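# Structural overview for review
Residue strings, one per chain:
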Amino acid sequence: MKRTTLLGGAVVLVAAGAALAWTLAQRPPAGAPRAAAATAGTAVTVTTVPARREDFALELGATGTVSALNRVEIHPQISAAIERVHIREGQTVRAGELLFTLDSRAAEVRVAQAQAQLQRDLATLADAERQLARSRDLLRQDFVSQSAVDTNLSQVEAQQAVVVADRAAIQAARVDLGYARIVAPSAGRVGAIAVYAGSYVTPASPALVTITQLDPIAVSFPVPQRHIGALLDSLKSGTGRVTARLPGAQAPLTGTLQFVDSAVDANSGTVQVKAQFANPQQQLWPGAYADVKLAVGSLPGAILVPQAAIIQGAKAKSVYVVGADDKAQLREVEVIASAGDVAAVSGVQAGERVIVDGKQNLRPGAAVVEQAPAAAAASRPARRVAAASEPRP
């Protein structure tokens, strides 16, 4: 037992000696600078963008619905069989272009019958006029009474009315005959065609096809009622600039404000607004949702900084700027308005270098080294692609 105890004590002494030797080996030589001190004195590499003073356009963002300015459902006006379909689904047609031809033989027969009836009634009218002329001659010779002349005159006037009705019947028959050719009432894109050659259609039948105008096109969206004054001013002056873009589209379309509704929705507190867009490439599609931006004013001479430079604190927002001594200075700022990747702020002067990248490694008073502004285009304050926040009161 005594031998075992001595052996255990020797093992403990050897282990303690090894730990002490390792600790001494890790210590730097006397007079050498500590690693922590060296790290604390190293300048932090950052990327900066100068704060700029320029007019800042306030944009209101909304989700709009694309709608066609003109959408027509084509129905037949007479009952007949379709003789020929002249269009294809998805085709773009011009106003007046032939869409369908209906079987017109029955309408042609009705026109011929009406014309024959007119000829017969014209002959009857001519005979009545001869009878009237003869009775007037006899009246002058005292062979007939005035009542006989009046009777013949009534027959002539009645027959004249019959002739007028015949001519109207011919006109109506020709109108029906014209309905056998169905043409496009307006330009647009042809939708799904529901009939084929040989189909029998009536005025009560479903629409043969729908023609939707895609260029120009409209986008409707709600705007808070507090902007009604600015909207009406833009509408009167014709300066209302609106941009719209479908999700995933590369570039937005620019349109003009066309309509402001005359009532405010009591439930949402918004007014419905409509803008018109040229849509030659058919980027906007009826029924689709679009991201809409509407200019509602501007902040003249605002100080603009990148959104990426703003630090959201527990109680306030701030940015780091590079001081004259190349050290980081923490500035508390107030965001007046924002749009996309830029913000209009107070608390920073124009020309001051605002730190965008590298701020996560900074402390107030830390030395900084500025990196070459390789991403100047990406941080340019003029780019505004998102909805502007409301300016502070």
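These lines cover the structure that appears in this document, whether it is placed above or below. (Residues numbered from 1 in each chain as written. Predicted model: local features only at pLDDT ≥ 70, side-chain atom pairs only at ≥ 80, totals over all residues. Heavy atoms only, no water.)

### Observations concerning the overall build of the protein
Broken down by element type, the protein carries five helices and 21 strands. Looking at the 393 residues of the protein, the share that counts as buried comes to 32%. The long-range fraction of contacts in the protein, counting pairs at least 24 apart against all pairs at least 6 apart in sequence, stands at 77%. Here the protein displays about 23000 Å² of accessible surface, and carbon together with sulfur accounts for 55% of that area. (Helix = DSSP H or I, 4+ residues; strand = E, 2+ residues; numbered from the N terminus. Buried < 20%, exposed > 50% of the residue type's maximum accessible area, 1.4 Å probe, protein only. Contact = heavy atoms within 4.5 Å. Areas by Shrake-Rupley, 256 points an atom, 1.4 Å probe, with all protein chains shown as cover.)

### Some details on the sheet that holds strand β4 (residues 80-85)
Either a parallel or an antiparallel arrangement is found when strands of a sheet pair, and the pairing is made through backbone hydrogen bonds. In space, the four strands of this open sheet follow the order β7-β6-β4-β9, with antiparallel pairing throughout. Where the open sheet ends on each side, the last strands, each with one partner, are β7 (181-183) and β9 (200-201). Here β4 runs beside β9; their pairing, made up of two bridges, is antiparallel. Following the sheet pairing, Ala81 is matched in β9 by Tyr200. (Pairing = 2+ DSSP bridges.)

### Quick look at the sheet that holds strand β8 (residues 188-190)
In spatial order, the strands read β3-β10-β8-β5; together these four strands make up an open sheet with antiparallel pairing. Each end of this open sheet is capped by a strand with a single partner; those strands are β3 (71-74) and β5 (92-93). As defined by bridge partners, β3 adjoins strand β10 (residues 209-212) across four bridges and the pair is classed as antiparallel. Considered in β10, the bridge of Arg71 is made with Thr212.

### A short note on the nonpolar core
Formed by 23 residues in total, the largest nonpolar core has its most connected members in Val219, Phe221, Val223, Leu231, Phe277 and Leu284. Those elements that place two or more of their residues in this core are β2 (52-68), β11 (217-224), β12 (241-245), β13 (253-265), β14 (270-277) and β15 (289-306). Look past the residues within four positions of Leu284 in its chain and what remains in contact with it is Val66, Ile217, Val219, Leu246, Leu253, Phe277 and Asn279. Within the second largest apolar cluster, 19 residues are counted, among which are Ile182, Val190, Val195 and Leu208. (Core = buried A, V, L, I, M, F, W, Y, C linked by side-chain atoms within 4.5 Å.)

### Notes on unusual backbone geometry
That bond from Asp215 to Pro216 is cis: its omega, 0°, falls within 30 degrees of zero. By the secondary structure assignment, Pro216 is in the loop between β10 and β11. Located in the positive-phi region is Asp142, a residue other than glycine, with phi close to 60°. For Gln282, which is not glycine, the phi dihedral falls at a positive 55°. Relative to the assigned elements, Gln282 resides in the loop between β14 and β15.

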